[in-house]
Amino acid sequence: MKALWNIIKLELLANLRSRAFFLLTSASVLWMLVMPSVVKSDGTDEGARQLYVHYSLGGVFALVLVSLAAAAAGSLSRDRAAKRLQLTMVRPVRYFLIAAGRYLALLTIGAAELVLAAGILACKTDASRPCDHVLSPILPSVWEEAEDMYEVYMNDVETPKEVRAMSKEDVVALLAAKAPDHYQTVGTNETASWEFAYLGTTDKLRVQLRFTNMYDTREDVNGRFSLGQATGAVSNITQAVAKVPLSGVAGPSDGLARVLTFENHGGSSVMLRPRRDIQLLVEADSLACNLTRATLELVAMLSVALAFAMFLGASLGRSVAVFAVITMLVLTALTPSVVADADEFASEKMDRIGYRIAKFTEKFTRPLGALVPLEKLANDVCVERAEVVRVMTLNLGVYPLLLLMLSALVIPRKQDGL
Amino acid sequence: MVENVIELQGVEKTFRDFWLRPTVKAVAGLDLTVARGEVFGLLGPNGSGKSTTIKMILGLLSPSAGSVRLFGLSPRSVAARQRLGYLPELSYLHPFLTAKETLKYYAGLCNLDRRTAKERTSQLLAMVGLEDVANRAVGGFSKGMARRVALAASLIGKPELLVLDEPTSGLDPVSTNEVKTLVKTLAAGGMTILMTSHLLGDAEDVCSRIMIVNHGKSVAEGKIGEIGSSLNDFFLAKVGEGRDFEVAPFLK
C-alpha cells in the first residue's frame, strides 16, 4: 500500500507542479460561472435552467474527460520514453500498482474537479427543486414486437424489394429498431390502458405526455387519466410535453394502482407512441440529491475512460496513445447522433454495413457518449440509485480493474520492445 | 558454499522490428555468475551488449534464450527486486521533485516505514553532500548533482545487490574518487556490486573480478590480480585496437 500511495502522490505532484491542475480548475470554475450569461435558451426560465444544468456540468465533464484522458494516455508512455519508468520497475512494486497508482491519482483530480463544478451548480440553482422517478409502460420487448410484425411487413406491397431480399434476421433487427416509434391510436370516446410497475403510495403522481404531432391536433386533446383512485384531466395542450397531475393516492392496496387508463373525450383521435410518449412520474427527492448521484455516475464514466487511456499509454508510444484516446473520445461523442439520424432501412449494402459499424460503436461507447445522467439532471428526472450502483460497479470497479490488469501485463512487454 | 547472486546461463537477446523480424543480436550466449560480496566489472566497447545484459539482469528485458536468475529467483519477481538497487547510466529523475522527495518516493516503493525513510533520506543526502539543496527541485541540478541523487536513491532500500551502470559518468575527478571509495566501502560491508564502466582505471581500482564482452559474447573473464598486465592493455588485446578516423576531405 505504501508503494501505491507513493505512486499516487508522485502523479498528483506531477500534475500540481506542472500547473495542469491549476489551469483545469480555473477553466472549470470560469465555465461554471460564465455559462449562465452566455446561454441562449428558448426564452423561458425553465429552458435556461435546463440548458445551464446540462451544459455547465457537461462542459466541465468534457474538459476534464479530454484533458485527463490525454494525461492518462501520456503518463506511462512519457515516463517510459524518458526512461524514468525503468527506475520504478526495478523496485519491489507490482506492475499493476504502477498503472493503478497513476490511474487513481488522475481519477482523484477528475473527481475533485467534478465535485467542485457540482458544488457551484448546486449554489447557482434551486437545489431543493424535486425530481421524479420516470416509469414507462410495461410492454412486450421490441424483438417480440418485431417478430410479430415480420409477416405483415413482408406482405405489405409498399415494402421495398431490397428489404424483401434481406434475411429474416436483418429485417427483424430493422423492425426492432423502429418499434419504439409505433403509434397507438385512441379514438373518440375510447379508453386505452397501460400497465406500470408502480407500487408506491405517494400522492405526487403525474402523467407525462409527449406530442410529436401538430399544435392544432394537440389543442383538441381532451380526456381523463386514472390510476386507481388517482385521477387527472387533460385538455387544450399547448406544450409538446405535458405533465398531468393526478390527484388522490394510488396505493398498493388498490388493485388498479398499476394500470393507467386514458379516456378520450375529445373530438379527434389521439396518437401516442407508448414506448416514447407516455410515462408515469413519481416524485423522488431533491435536485441536490440527484446532483450527487449524477456526479457519482460522471466520476464512474470518467474512471473507465481513464483506465482505458492508461491501457493505451501502457501499450503504445505517447503521441500515438494520446492521438488514439482523443480519436476514440470524438467517435464516442459522434456515434449517438450518427445512429439516431441513420436510415436503418437503407437498401445500399455499404450503407447498411456503415450503420451496423456505427451501431456497434455506439453500443460499445454508450456509457460515455450518451451523457445520460446530465440529460436526466437537466430534465428533473431521478438518476436512479440502482443505476448509479450498476454504473459504479462496472465503470469504477470491474472495467478499470480488467484494464489495469491488462496494463500490468503490457508494461514489461512494452519495456521489452514488443 | 558461496552463494551466487547473479546467474546467467546461455543468455541470448535478439531485438526484433515491428514485424518480429530479427534486427540485432545484442547478446549471443553469455554465461556469467557473480558471487555474494564480489565487485564485478562488466566491461566492453560501445554496443558490445553490456547495457542489454544489465537490463536482463534487472528484469527490464527478457532473454530470447537462456536463463537469468537473481538470488535464485526470476529477476521480475518482487522478492528479487526487494534486494536490488540500480543506478542507471543517466539519472532519469523526476524533474519536479526535490532531492528529498525523490529519495522518499523510492523509499516508499521499497516499502520502508516513514521513520526509516526519513532517517535514511537524511543520512544519504549527507553522504552524497546534498543536504543544503535537499529541498530544491532536481530538474535544476547539474549533471553531477543529479548523479549523486540517483546514487543515493539506488541505496535507499539497503540493497544486497547494487547494479551500477557507468557510475562515474558525468562526475568530476573528486566526485569520481568519492564514488570509488563508496563502492569499496559498500563492498567491504558485504554488498554485491555489478558495475559497467568505460573508464578502465575505475574498474581496475574497485572491481575484484571482471568480464570483457564484445559482440554480445564473453571474450575474457578473470580476477583483476590475475590479468598480469594493466587492464587497459588487456582490454585492447581482447577487443582490438580500433582504427584511426580518416578525416573527411572537406575538413582538411
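Draft legend 1. Up close: the overall build of chain A. The number of helices and strands found in chain A is 14 helices and 10 strands. The burial tally for chain A puts 47% of its 418 residues in the buried class. Long-range pairs, those at least 24 residues apart, make up 82% of the contacts in chain A between residues at least 6 apart in sequence. For chain A, the accessible area works out to roughly 20100 Å², and carbon and sulfur atoms hold 61% of it. Chain A carries 42 positive and 42 negative side-chain charges, and their two centres are separated by 15 Å.

Draft legend 2. Quick peek at the overall build of chain B. Counting secondary structure elements, chain B contains eight helices and nine strands. For chain B, the C-alpha atoms occupy an extent of roughly 55 × 55 × 45 Å along the three principal directions. Here chain B holds 252 residues, and 49% of them are scored as buried. A sequence separation of at least 24 residues applies to 67% of the contacts in chain B between residues at least 6 apart. As displayed, chain B offers around 11900 Å² of accessible surface, 53% of which is attributable to carbon and sulfur atoms. When the 30 basic and 26 acidic side-chain charges of chain B are each reduced to a single mean position, those positions are 7 Å apart.

Draft legend 3. Fine view of the domain arrangement of chain B. Residues and elements named next belong to chain B. Here the domain parsing of chain B yields domain 1 (1–83 + 159–241) and domain 2 (92–158). For domain 1 versus domain 2, the separation of C-alpha centres amounts to 25 Å. Taken together, the contact pairs 17 residues of domain 1 with 11 residues of domain 2. With both sides pooled, the region where domain 1 packs onto domain 2 buries about 1000 Å², and carbon together with sulfur makes up 59% of that total. Scanning the region where domain 1 abuts domain 2 turns up one salt bridge. The shortest N-O distance in the salt bridge between Arg 148 and Glu 178 comes to 3.4 Å.

Draft legend 4. Layout of the sheet that holds strand E7 (residues 241–246) of chain A. All names here are of chain A. Strand order in the open sheet made by the four strands is E1-E10-E4-E7, with antiparallel pairing throughout. Looking at which strands have only one partner, the edges of the open sheet turn out to be strand E1 (130–135) and E7. Direction aside, the axes of adjacent strands within the sheet are offset by 35° on average. Across six bridges, strand E4 (residues 205–210) lies against E7 in antiparallel orientation. Looking at E7, one finds that Gln 208 is bridged to Lys 243. Along the sheet face, helix H10 (residues 287–315) touches E1 and strand E10 (278–286) and points at about 100° away from the line of E10.

Draft legend 5. Structural detail: unusual backbone geometry. With a phi close to 65°, Asn 189 of chain A is a non-glycine residue in the positive phi region. Summarising the element assignment, Asn 189 of chain A is placed in the loop between strand E2 (184–186) and strand E3 (191–195). In this structure, Asn 111 of chain B takes a positive phi of about 60° despite not being glycine. With respect to the element layout, Asn 111 of chain B can be found in the loop between helix H3 (99–109) and helix H4 (114–127). On the basis of relative accessibility, which here comes to 37%, the residue Asn 111 of chain B falls in the partly exposed class.

Draft legend 6. The pairing of strand E2 (residues 22–35) of chain B, seen in detail. Residues and elements named next belong to chain B. Looking at chain direction, strand E1 (residues 4–16) and E2 are connected through 10 bridges and run antiparallel. The residue bridging Asn 4 from the neighbouring strand is Ala 35, located in E2. In this antiparallel pair of consecutive strands, E1 and E2, the connection spans five residues, and Leu 20 shows a positive phi of 65°.

Draft legend 7. Examining the interface of chain A and chain B more closely. Taken residue by residue, the interface counts 26 residues in chain A and 36 residues in chain B. With both sides pooled, the region where chain A packs onto chain B buries about 2900 Å², and carbon together with sulfur makes up 58% of that total. It is Val 90, Arg 91 and Pro 92 of chain A that lose the most area in chain A upon contact with chain B, and together they represent 25% of the buried surface on that side. Put simply, chain A and chain B have one salt bridge between them.

Draft legend 8. Just the packing of helix H5 (residues 143–155) of chain B against helix H6 (residues 173–188) of chain B, in detail. All names here are of chain B. Packing of H5 against H6 brings their axes to within 12 Å, and their N-to-C directions diverge by 10°. The angle between H5 and H6 falls in the class roughly parallel. Across the interface between the two elements, Arg 148, Leu 151 and Leu 155 from H5 touch Ser 175, Glu 178, Val 179, Leu 182 and Leu 186 from H6. Along the lines of polarity and charge, the residues of the contact of H5 with H6 split into five nonpolar, one polar and two charged.

The rules behind these values
- Residues numbered from 1 in each chain as written.
- Chains lettered and ligands numbered in written order.
- Predicted model: local features only at pLDDT ≥ 70, side-chain atom pairs only at ≥ 80, totals over all residues.
- Heavy atoms only, no water.
- Helix = DSSP H or I, 4+ residues; strand = E, 2+ residues; numbered from the N terminus.
- Buried < 20%, exposed > 50% of the residue type's maximum accessible area, 1.4 Å probe, protein only.
- Contact = heavy atoms within 4.5 Å.
- Areas by Shrake-Rupley, 256 points an atom, 1.4 Å probe, with all protein chains shown as cover.
- Lys, Arg positive; Asp, Glu negative; His and termini not counted.
- Charge placed at Lys NZ, Arg CZ, Asp CG, Glu CD.
- Domains from an automatic or database assignment.
- Buried area = accessible area lost by both parts, 1.4 Å probe.
- Salt bridge = Lys/Arg side-chain N within 4 Å of Asp/Glu carboxyl O.
- Pairing = 2+ DSSP bridges.
- Axes fitted to C-alpha atoms, helices over the stretch in contact; angles between N-to-C directions.
- Parallel < 35°, antiparallel > 145°, perpendicular 65-115°, else oblique.
- Nonpolar A, V, L, I, M, F, W, Y, C, P; charged D, E, K, R; others polar.

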